Amino acid sequence: FIHPCTATGIPMRVAPVCAGMLGMRLLLLLGALQCLAFSPPSPALSSRPSLPCPHKSRIRTSASSLPSTLSMQLKPPSGDDLTRRGVFALGAALGVGVLGQKAGSMSFGSTAASDRLLTPSEQNTIALFKETTQSVVFISTFAEANTGRYFSMDAEQMETGTGSGIVWDDKGHIVTNYHLIRSASSAQVSVMGKDGVSAVFTAKLTGVDPDKDIAVLSINVPGTQLKPVRQGATKDLEVGQLVLAIGNPFGLDHTLTTGVISGLGRSMKATTGRTIRNLIQTDAAINPGNSGGALLDSRGRLIGMNTAIYSPSGTSAGIGFAIPCDTIKAVVERLITFGQTVRPVLGITYMEGQQARMFGLPRGVLVLNVPPGSPAAEAGLQGTTRSREGIELGDIIVGVGSEPIGDEADLFDALEKYKPGDTVKVSVLRDRPGGLRSGRFIFDLEELNIKLVGSTYKVVNWQDAGAGPQVRGGR
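Residues numbered from 1 in each chain as written. Predicted model: local features only at pLDDT ≥ 70, side-chain atom pairs only at ≥ 80, totals over all residues. Heavy atoms only, no water.

Participant: Is there a simple way to think about the overall build of the protein in this case?
Facilitator: In terms of helices and strands, the protein carries 11 helices and 25 strands. When each of the 475 residues of the protein is scored for burial, the buried share is 37%. Sequence separation of at least 24 residues holds for 63% of the intrachain contacts in the protein that already meet a minimum separation of 6. (Helix = DSSP H or I, 4+ residues; strand = E, 2+ residues; numbered from the N terminus. Buried < 20%, exposed > 50% of the residue type's maximum accessible area, 1.4 Å probe, protein only. Contact = heavy atoms within 4.5 Å.)

Listed below in structure tokens is the structure:
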């Protein structure tokens, strides 16, 4: 809540003091002028006396000369006297004014004084915010909803959320989080121009990478009105390094928070179940609405995109995560160039690791289904089936190339080193009598050469989907 008194920049508790000081200065000034105007002239200010004549005798003051002396003192002062008294009054007035000015500046500080009180670190933070605030945009997402009227086929666009985005280049590309727009059918981007005035544009979806939680939007705006962010690198980051987060938490546009890098190499799961690696952990306050905002170093360069927080309450608890800039660069380049992300996969479905452990299965990835005619099926990879005797386990992937596989995250990381069309050696455990013993299961260890296929996340009819961007992908 902002009290009306603070709208002028004067805190409420300071305003009475300011008024009292102003009144005291006026009273001192008027009092000095009044005293000087009506006080009798002092000998120092009277006319210069005539020099006595050495040839005349001393003149004695008589009673008859006393009235004339009194009448001389009551006469108006001469011109020279007025000039001297005016100069003295003006000097006194200026002195009172200067003293009051000094007192006011000592009590409250002028603008110049307050600037001098800022530390170099504060001045640097202010300069960085002013320089980069135009590189962060405000994103509003919308979804179609029925108007509620009977027999109406009309659908209205209802706002479903707000977030942040980063101006990537002068061609109108905006980078944000995939989870911000996945449930939306359209989005609007508010961009602050170089003149400080914000304008709203309808966005188009260029491409998404749900596995990395990255999406690229595009807006039709002249490049001269955009200020792309300065891109940094993440390979030389250190824990304890100062960082700045700019975003739109709770719809409050262009909010700045500061902190340090609290950790490096963190991991979390994306909406697709894949693990996002090498996240930056920071204690800079990140709240709902900060998603897609910029994480900057102390030189104003982009080092990450704010994407998630760890908090039981849903608000900032001092543990936030950002996707590193190096990962963003690689993904955004592919999305802008091809409009989609293609990753090497085996083309299978699998059981989640946590569920597999509940059945007492060893570490690895249990294959559930292998599409007929796929390269994995042609190589002999077997899926899980049901028979009269019960469930027959499929192959359990325990290695790709020279990399051991303990869960699906290890499988994704191992496959990232290849490209579609490559043939890789896949080590599997197959449930057969006489093989390796593991608990109540007996397995054979086999090696298969499987040709990798491409998994594509391509957006289909984002504006007309109604339920968010429709993506196609696989494992």
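Participant: Sorry if this is basic, but what is going on with unusual backbone geometry here?
Facilitator: Both trends apply: most residues other than glycine have a negative phi, and most peptide bonds are in trans. Although it is not a glycine, D213 adopts a positive phi angle of roughly 60 degrees. Along the polypeptide, D213 turns up in the loop between β6 (204-209) and β7 (214-218). Judged by its relative accessible area of 6%, D213 is buried. The backbone of N278 sits at a positive phi, close to 60 degrees, despite the residue not being glycine. In this fold, N278 is placed in strand β10 (residues 275-282).

Participant: What's the story with the environment of T272 in this structure? I'm lost.
Facilitator: Here T272 shows up in the loop between β9 (255-269) and β10. Along the sequence, T272 and K212 sit 60 residues apart, while their C-alpha atoms lie 9.1 Å from each other.

Participant: Would you explain the nonpolar core in this entry?
Facilitator: Soluble globular proteins tend to bury their nonpolar side chains together. The biggest cluster of nonpolar side chains holds 24 residues, and the ones touching the most others in it are V175, I214, L302, M305, I328 and V332. Looking at this core, the elements that each hand over two or more residues are β7, β10, β11 (294-297), β12 (302-309), β13 (320-324) and α7 (325-338). By residue number, the principal contributor to this core is α7, which donates 5 residues. Every residue in contact with V332, bar those within four places of it in the chain, is listed here: W168, V175, I214 and V216. Counting 21 residues, the second-largest nonpolar core is a separate cluster that includes V370, L411, L415 and L448. (Core = buried A, V, L, I, M, F, W, Y, C linked by side-chain atoms within 4.5 Å.)

Participant: Help me out: how do you make sense of the sheet that holds strand β8 (residues 242-247) in this one?
Facilitator: What the 6 strands build is a closed barrel, ordered β8-β9-β10-β13-β12-β11; its pairing is antiparallel. Taking the axes of each pair of neighbouring strands and ignoring which way they run, one obtains an average angle of 50 degrees across the sheet. In this sheet, β11 lies alongside β8 in antiparallel orientation, the contact comprising 4 bridges. Looking at β11, one finds that L244 is bridged to L296. (Pairing = 2+ DSSP bridges. Axes fitted to C-alpha atoms, helices over the stretch in contact; angles between N-to-C directions.)

Participant: Would you mind going over helix α10 (residues 408-415) with me for this structure?
Facilitator: With 6 of 8 residues buried, α10 lies mostly within the body of the structure. If you check which residues of α10 are buried, you get E408, A409, L411, F412, A414 and L415. If you check the start of α10, you find a side-chain oxygen 3.2 Å away from the backbone N of A409, and it comes from D407. (Polar contact = N/O pair within 3.5 Å; in protein donor to acceptor, adjacent residues only side chain to side chain.)

Participant: For this particular structure, what's the right way to read the pattern of salt bridges?
Facilitator: It is possible for side chains of opposite charge to pair when their charged atoms get near one another. Counted under the stated rule, the structure contains 11 salt bridges. Put simply, E416 and R343 hold a salt bridge, and the shortest N to O gap is 2.8 Å. Here R343 lies in strand β14 (residues 341-345) and E416 lies in the loop between α10 and β21 (423-438), a separation of 73 residues in the sequence. Its relative accessible area of 36% is what places E416 among the partly exposed residues. The network of salt bridges with common partners includes D209, D211, R343 and E416. (Salt bridge = Lys/Arg side-chain N within 4 Å of Asp/Glu carboxyl O.)

Participant: Explain the environment of S190 here, please?
Facilitator: Checked against the element boundaries, S190 lands in strand β4 (residues 186-192). On a C-alpha basis, the gap between S190 and I139 in space is 6.4 Å, while along the polypeptide they are 51 residues apart. Sequence-distant contacts of S190, defined by excluding residues within four places in its chain, comprise V137, F138, S198, A199 and V200.

Participant: Mind showing me how you'd approach α7 here?
Facilitator: Side chains that are three or four residues apart share a direction in an α-helix, a result of its 3.6 residues per turn. With 14 residues, α7 extends 20 Å from end C-alpha to end C-alpha; this agrees with the ideal 20 Å at 1.5 Å per step. Of the positions making up α7, those classed as buried are C325, I328, V331, V332 and L335. End-on, the buried residues of α7 take up no more than an arc of 130 degrees, which puts them together on one face. Turned more than 90 degrees away from the buried face of α7, the exposed residues are E333, T337 and F338. Phi for G339, located one or two positions after α7, is positive at around 75 degrees. (Expected span 1.5 Å × (residues − 1). Arc of directions from axis to C-beta.)

Participant: Explain the pairing of β10 to me, please; I cannot follow it from the model alone.
Facilitator: Taken residue by residue, a regular strand's side chains alternate between the two faces of the sheet. Taken across its 8 residues, β10 has 6 buried, putting it largely inside the fold. By the bridge criterion, 5 bridges tie β9 to β10 in an arrangement that is antiparallel. Of the residues in β10, the one forming a bridge with M268 is I276. Where β9 folds back onto β10 in an antiparallel hairpin, the turn is made up of 5 residues, including G273, whose phi is positive at roughly 95 degrees. Bridge count between β10 and β13: 3 bridges; the pairing is antiparallel. Along β13, the bridge assignment pairs Q281 with F321.

Participant: Would you mind showing me how to read the side chain of N290 here?
Facilitator: Along the chain, N290 falls in the loop between β10 and β11. On the accessibility criterion, N290 (2% relative accessible area) is buried. Discounting chain neighbours no more than four positions away, the residues touching N290 are S164, I246, G247, N248, P249, A285 and N306.

Participant: Where do I start with the environment of V200 in this structure?
Facilitator: Tracing the backbone through its elements, the reader meets V200 in strand β5 (residues 198-202). Placed 63 residues apart in sequence, V200 and V137 show a C-alpha to C-alpha distance of 9.9 Å. If sequence neighbours within four positions are ignored, V200 has contacts with Q188, V189 and S190.

Participant: Would you explain the confidence of the model for the protein in this entry?
Facilitator: Parts of the prediction with low pLDDT should not have their coordinates interpreted in detail. Of all residues in the protein, 65% have pLDDT values of 70 or greater, and the mean over the chain is 74. At the low end of the mean pLDDT range in the protein sits helix α2 (residues 65-73), at 42; at the high end sits strand β3 (residues 173-176), at 95. Note on residues 42-76: pLDDT under 50 across the span, and 3 contacts to partners over four residues away in sequence or across chains. Taken together, the stretch residues 102-111 has pLDDT below 50 and engages in 8 contacts with residues farther than four places along the chain or on a different chain. (pLDDT = per-residue confidence, 0-100.)

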